[in-house]
Amino acid sequence: MIDTIIFDFDGTLANTNQMIINSFRHIYSSFLEEECSEEYIMSTFGEPLELTLRRDFGKFPFEDVIDAYRNYQRDRFNQEVTLYETVEETLKYLKSKNIKLGIATSRLRHSTVSALENFNINCYFDSVVSADDVQKHKPDKEPLMKVINELNTTADRTLYVGDSKFDMECAINASTTPVLVGWQSNSRELAEKYNIKHVLDKMWDITKLI
């Protein structure tokens with residue numbers, strides 16, 4: 001029986017896609033003086049930001065690059081980022097059914113907590129594990145297992161909901177049940193590649209799995 005649902009954040013609970021794409025284009029233009037394709041940027045979704053920035057901007061001081069990235073987003077988050085359809089009502093319903101709820105994200109802790117507070121949904125989650133809370137990142141199972149342990153549950157009673165290949169591999173590596181959101185451009189491809197049985201048209205559909 002399922003008693004726990006753990007969510008990714010970006011692309012799963014909140015539509016941050018365009019803001020992230022614009023942020024990467026900004027720092028590529030500022031530091032490398034070149035354009036970066038949307039396809040490449042989206043291929044990094046789910047990967048820890050620090051890993052991406054150190055790989056692509058290794059010849060520049062890391063703090064300068066990440067500060068530029070964050071500064072670009074700071075005044076845009078509230079205007080450009082929204083929750084996906086039915087997310088808030090779904091979380092409220094699951095909480096009323098005593099389902100344990102957590103987050104395992106590759107976003108940094110400060111920005112994760114701020115985002116949850118901005119959307120007023122932080123009250124629904126009893127465990128939030130971010131990139132700076134673990135040594136190994138998705139697709140390694142460590143982030144997911146940390147949430148599972150903090151929620152005092154087991155992998156076989158847990159769904160992990162995400163939108164990227166990193167999320168699906170993390171769920172499989174942790175022996176949880178992977179659930180894929182169906183609103184990204186590559187959702188069908190990921191579902192076929194990883195043989196995902198549960199694909200959501202909207203977040204409310206997850207209530208049918210408990």
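In the nomenclature of an unreviewed UniProt entry, the protein is known as Pyrophosphatase PpaX of bioreactor metagenome.

(A) Inspection of the overall build of the protein at higher detail. Secondary structure summary: the protein contains 10 helices and eight strands in total. For 210 residues, the compact-globule estimate of 2.2 N^0.38 gives 17 Å, and the protein sits close to it at 17 Å. Within the protein, the proportion of its 210 residues that are buried is 51%. Considering only contacts within the protein whose residues lie at least 6 apart along the sequence, 67% involve residues at least 24 apart.

(B) Quick peek at the side chain of T86. Secondary-structure assignment places T86 in the loop between β3 (82–83) and α6 (87–96). Assessed through its relative accessible area of 13%, T86 is described here as buried. For T86, the side chain forms a polar contact with the main-chain nitrogen of W204, separated by 3.0 Å. With residues near it in sequence (within four places) discarded, T86 still touches K202, M203 and W204.

(C) Highlighting the pairing of strand β4 (residues 100–104). Within β4, four of the five residues are buried, which leaves the element mostly enclosed by the surrounding structure. Pairing geometry for strand β1 (residues 4–7) and β4, over four bridges, is parallel. Across the sheet, residue T4 finds its bridge partner in β4, namely K100. In the sheet, β4 pairs with strand β5 (residues 127–129) via three bridges, with the strands oriented parallel. Of the residues in β5, the one forming a bridge with A104 is V129. In the classification by handedness, the crossover that spans β4, the intervening helix α7 (residues 109–118) and the parallel β5 is right-handed.

Cut-off values and rules
- Residues numbered from 1 in each chain as written.
- Predicted model: local features only at pLDDT ≥ 70, side-chain atom pairs only at ≥ 80, totals over all residues.
- Heavy atoms only, no water.
- Helix = DSSP H or I, 4+ residues; strand = E, 2+ residues; numbered from the N terminus.
- Rg over C-alpha atoms; globule rule 2.2 N^0.38 Å.
- Buried < 20%, exposed > 50% of the residue type's maximum accessible area, 1.4 Å probe, protein only.
- Contact = heavy atoms within 4.5 Å.
- Polar contact = N/O pair within 3.5 Å; in protein donor to acceptor, adjacent residues only side chain to side chain.
- Pairing = 2+ DSSP bridges.
- Right-handed = clockwise from strand over helix to strand, strands pointing away.

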